[in-house]
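So the chains spell out like this:
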Amino acid sequence: MNEETRDGAPVRVLKTEVLADDWAKLIKYSVDYRRRDGSHETLVRQVYDRGHGAAILPYDPERGTVLLVRQFRMPVYLDDGRGWLIETCAGLLDEQDPESAIRNEVVEELGYDLGEITRVFDTFMSPGSVSERLALFVARYSPANRISAGGGAEDEGEDIEVLEPRLDEALAMVATGAIRDAKTIILLQYLKLHGLPEKAMSPAAGDAR
């Protein structure tokens, strides 16, 4: 029996079982859970572990535009029969720190080489079953930052269209349901409410992989 616990946590891990280990891991956990009233029960939970990631929303305050991408997402296809999703540039950390990882993604997907970028949030996007934590960034950009057409890495099966709507147009797309991606909605609303920060915040504690 594999028993694990962390100080202050209401659970004691009794057993772990790897159900799948391909592009990511699907792990089944059996835990002893201490309820708020002090009683105990055994719970079974499955967690999909694909590592942590980062996402960014570049903004040109002179023209009022943002950079987004449109790409095919299999889970979206299973939901709507089309599969296209408009979202922010994003990617897995792959053993890099969040800032380095997202800078690489911006060059690869958007074709831009950005200057200063600002980390504004760390978020769990689907904590009921997915372990991924996203570092969310915003940044200033201009046409002068463009170094290529972007489009993603063909050898990784990426076929990414770069979009450049005005911020208000993108927010209108949220209202109509044309933009349905959570990280994108969060960052669009952040920019509308706060604009670009004057300086970067300190990296959040607990940076992983």
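What you are looking at is a predicted structure, and each value in this text was computed from that prediction instead of being measured.

Draft legend 1. Structural view of the sheet that holds strand E12 (residues 161-163). Strand order across the open sheet formed by three strands is E8-E7-E12, with antiparallel pairing between neighbours. Where the open sheet ends on each side, the last strands, each with one partner, are strand E8 (84-87) and E12. For this sheet, the mean inter-axis angle between neighbouring strands, taken without regard to orientation, is 25 degrees. Examined bridge by bridge, strand E7 (residues 68-72) and E12 share three bridges and lie antiparallel to one another. The residue of E12 that forms the bridge with Arg 70 is Glu 161.

Draft legend 2. Spotlight on the pattern of salt bridges. Taken as a whole and judged by the stated rule, the model has 15 salt bridges. Between Glu 87 and Lys 183 there is a salt bridge whose closest N-O contact spans 2.8 Å. Separated by 96 residues along the polypeptide, Glu 87 in strand E8 and Lys 183 in helix H4 (residues 182-194) bring together distant segments of the chain. Judged by relative accessible area, which is 1%, Glu 87 ranks as buried. Among the residues examined, Lys 183 registers a relative accessible area of 8% and is labelled buried. Between Asp 168 and Lys 192 there is a salt bridge, with the nearest N and O atoms lying 3.0 Å from each other.

Draft legend 3. Here's a closer look at the packing of helix H3 (residues 167-176) against H4. Two elements in contact, H3 and H4, have axes whose closest approach is 10 Å; the angle formed by their N-to-C orientations is 135 degrees. On the basis of the axis angle, H3 is oblique to H4. Read as a crossing pair, H3 and H4 show a hand that is left-handed. For the pair formed by H3 and H4, the contact residues are Leu 167, Asp 168, Ala 170, Leu 171 and Val 174 on the first element and Ile 185, Leu 188, Gln 189, Leu 191 and Lys 192 on the second. Grouping the constituent residues of the contact of H3 with H4 by class yields seven nonpolar, one polar and two charged.

Scoring rules and cut-offs
- Residues numbered from 1 in each chain as written.
- Predicted model: local features only at pLDDT ≥ 70, side-chain atom pairs only at ≥ 80, totals over all residues.
- Heavy atoms only, no water.
- Pairing = 2+ DSSP bridges.
- Helix = DSSP H or I, 4+ residues; strand = E, 2+ residues; numbered from the N terminus.
- Axes fitted to C-alpha atoms, helices over the stretch in contact; angles between N-to-C directions.
- Salt bridge = Lys/Arg side-chain N within 4 Å of Asp/Glu carboxyl O.
- Buried < 20%, exposed > 50% of the residue type's maximum accessible area, 1.4 Å probe, protein only.
- Parallel < 35°, antiparallel > 145°, perpendicular 65-115°, else oblique.
- Left-handed = near helix turned anticlockwise from the far one by under 90°.
- Contact = heavy atoms within 4.5 Å.
- Nonpolar A, V, L, I, M, F, W, Y, C, P; charged D, E, K, R; others polar.

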